[in-house]
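A structural walkthrough
Here is how the chains run, residue by residue.
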Amino acid sequence: MRRRMVQGLVTGLVLVLVASVLAGCAARAPSGASMPDTHVVQRNETLYRIAQRYGLEWRDLARRNAIGAPYVIHPGQRLRLRGAARSSPPSAPQASSSPSTRQPSSGASGRDSGGGTSSGSTSSSSTSSPPPSDPGGWQWPAAGEVLRGFSSSGTRRGLAIGGERGDHVRATRAGEVVYAGGGLVGYGRLIILKHDARFLSAYGHNDELLVSEGDQVQAGDTIARLGSSGAERPMLHFEIRVDGTPVDPARYLPDR
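Given the structure is predicted, the values throughout are model-derived calculations rather than measurements. (Residues numbered from 1 in each chain as written. Predicted model: local features only at pLDDT ≥ 70, side-chain atom pairs only at ≥ 80, totals over all residues. Heavy atoms only, no water.)

**Here we look at the overall build of the protein**
- In terms of regular secondary structure, the protein is built from three helices and 14 strands.
- Counting across all 256 residues of the protein, residues that qualify as buried make up 41%.
- In the form shown here, the protein has an accessible surface area of approximately 12,800 Å², with 52% of it arising from carbon and sulfur atoms. (Helix = DSSP H or I, 4+ residues; strand = E, 2+ residues; numbered from the N terminus. Buried < 20%, exposed > 50% of the residue type's maximum accessible area, 1.4 Å probe, protein only. Areas by Shrake-Rupley, 256 points an atom, 1.4 Å probe, with all protein chains shown as cover.)

Written as structure tokens, this is what we have:
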């Protein structure tokens, strides 16, 4: 009799725990019955955040909507939350005549941003004049000398900063990690930070990544260890992009 009572108590506890877990899952993400078929992108939303909201994996959401690197999405764009992958991307809203509020795309020349960004109307951005809304407060991402300056031509438009393997790579401004990985040949282990609706920065060739997608970092935080992944020697490839366009980081970084 005592054994049956113990077994009954154990069974009851297990059922309570299972119910608690299921309730927690229901609270974190919409169930299949309540999740809508589509989501209309709002300003400043990313694939990462949209997928997180519905309990989805952002890469699956990108494939379902045929959105490839740099994973740019547009306000007003309708994303499918259910169903098989598309064979062609959904059409983006037409550009308006209002001033551009285009969100930065991926950091390094078509780089997977690990969650994409929401852009407004498209307009060409010149790399010859600084944008009017520089927020200031930039810091150097590494202490080494500049091996190669910015060039508006070529595929990797940024600074090459030298150093020793294992040197600290620091966030140049506060922001959110929207990509941390090594999926693009030529850039090694890469981190991309989104700073605001217009600015992002990219850090390539790291030996070790110390942050993950979705992390919030402050200016000066160590986010990686300098290395030579995808490079011929230890160095940091550093970019700043405004509205998706690479700009000369020297315009923003302080003198040293």
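Now that the structure has been shown, we can carry on.
**Overview of the pattern of salt bridges**
- Under the counting rule described, the total for this entry stands at eight salt bridges.
- Notably, a salt bridge pairs Glu57 with Arg59, separated by 3.2 Å at the nearest N-O pair.
- Where Arg173 meets Asp196, a salt bridge forms, and the shortest distance between an N and an O atom there is 3.5 Å. Highlighted residues: Arg173 in the loop between strand E7 (168–170) and strand E8 (175–181) and Asp196 in the loop between strand E9 (189–194) and strand E10 (199–209), separated in sequence by 23 residues.
- For Asp196, a relative accessible area of 25% puts it in the partly exposed group.
- Linked by salt bridges that have partners in common, Glu57, Arg59 and Glu213 make up one network. (Salt bridge = Lys/Arg side-chain N within 4 Å of Asp/Glu carboxyl O.)

**Overview of the packing of aromatic side chains**
- The tally for this structure, following the rule as stated, stands at four aromatic pairs.
- Seen from their ring centres, Trp138 and Phe199 are 5.6 Å apart, and the 55° between their planes marks the pair as tilted. Of this pair, Trp138 sits in the loop between strand E4 (117–118) and strand E5 (146–148) while Phe199 is found in strand E10, placing the two residues 61 residues apart along the sequence.
- According to the relative accessible area criterion, Trp138 is buried, its value standing at 6%.
- Between Phe199 and Tyr252, the ring centres sit 5.9 Å apart and the planes meet at 85°, which makes this aromatic pair edge-to-face. Placement of Phe199 in strand E10 and of Tyr252 in the segment after strand E14 (245–247) is noted, with a sequence separation of 53 residues between them. (Phe/Tyr/Trp six-rings, centres within 6.5 Å; stacked < 30°, edge-to-face > 60°.)

**Concerning the pairing of strand E13 (residues 235–242)**
- With eight of its eight residues buried, E13 lies for the most part within the structure.
- Burial along E13 is two-sided: Met235, His237, Glu239 and Arg241 and Leu236, Phe238, Ile240 and Val242, pointing in opposite directions, are all buried.
- Where strand E6 (residues 159–162) and E13 come together, four bridges link them in antiparallel fashion. For Ile161, the partnering residue across the bridge sits in E13 and is Leu236.
- Across six bridges, the pairing between E10 and E13 is antiparallel. (Pairing = 2+ DSSP bridges.)

**Some points on the environment of Phe199**
- The class for Phe199 is buried, based on a relative accessible area of 1%.
- Between the alpha carbons of Phe199 and Asp243 there is a distance of 6.7 Å; along the sequence they are 44 residues apart.

**Notes on the nonpolar core**
- In this structure, Ile191, Leu193, Tyr203, Ile223 and Leu236 are the most contacted members of the largest nonpolar core, which totals 23 residues.
- Mapped onto this core, the elements with two or more residues apiece are E6, E9, E10, strand E12 (222–226) and E13.
- The element that contributes the greatest number of residues to this core is E13, accounting for four residues.
- If you look at the next biggest cluster of nonpolar residues, it comprises 15 residues, including Ile50, Leu61, Ile73 and Leu81. (Core = buried A, V, L, I, M, F, W, Y, C linked by side-chain atoms within 4.5 Å.)

**Details of the pairing of E12**
- Note: E7 against E12, three bridges, orientation antiparallel. In the strand pairing of E12, His168 is matched with Arg225.

**Quick look at unusual backbone geometry**
- The backbone of Ala66 sits at a positive phi, close to 55°, despite the residue not being glycine.
- With phi around 75°, His205 is a residue other than glycine that occupies positive phi space.
- In this fold, His205 is placed in strand E10.

**Regarding the confidence of the model for the protein**
- For the protein, mean pLDDT is 73; residues scoring 70 or higher make up 65% of the total.
- A low-confidence stretch, residues 5–29 (pLDDT under 50), is modelled with four contacts involving residues beyond four sequence positions or located in other chains.
- Below a pLDDT of 50 lies the segment residues 91–132, which in the model reaches 141 contacts outside its immediate sequence neighbourhood of four places, other chains included. (pLDDT = per-residue confidence, 0-100. Contact = heavy atoms within 4.5 Å.)

**Description of the side chain of His195**
- If you trace the backbone, His195 turns up in the loop between E9 and E10.
- Taking relative accessible area as the criterion, His195 reaches 11% and is therefore assigned buried.
- Look past the residues within four positions of His195 in its chain and what remains in contact with it is Trp138, Thr172, Arg173, Ala174, Gly175, Leu200, Ser201 and Tyr203.

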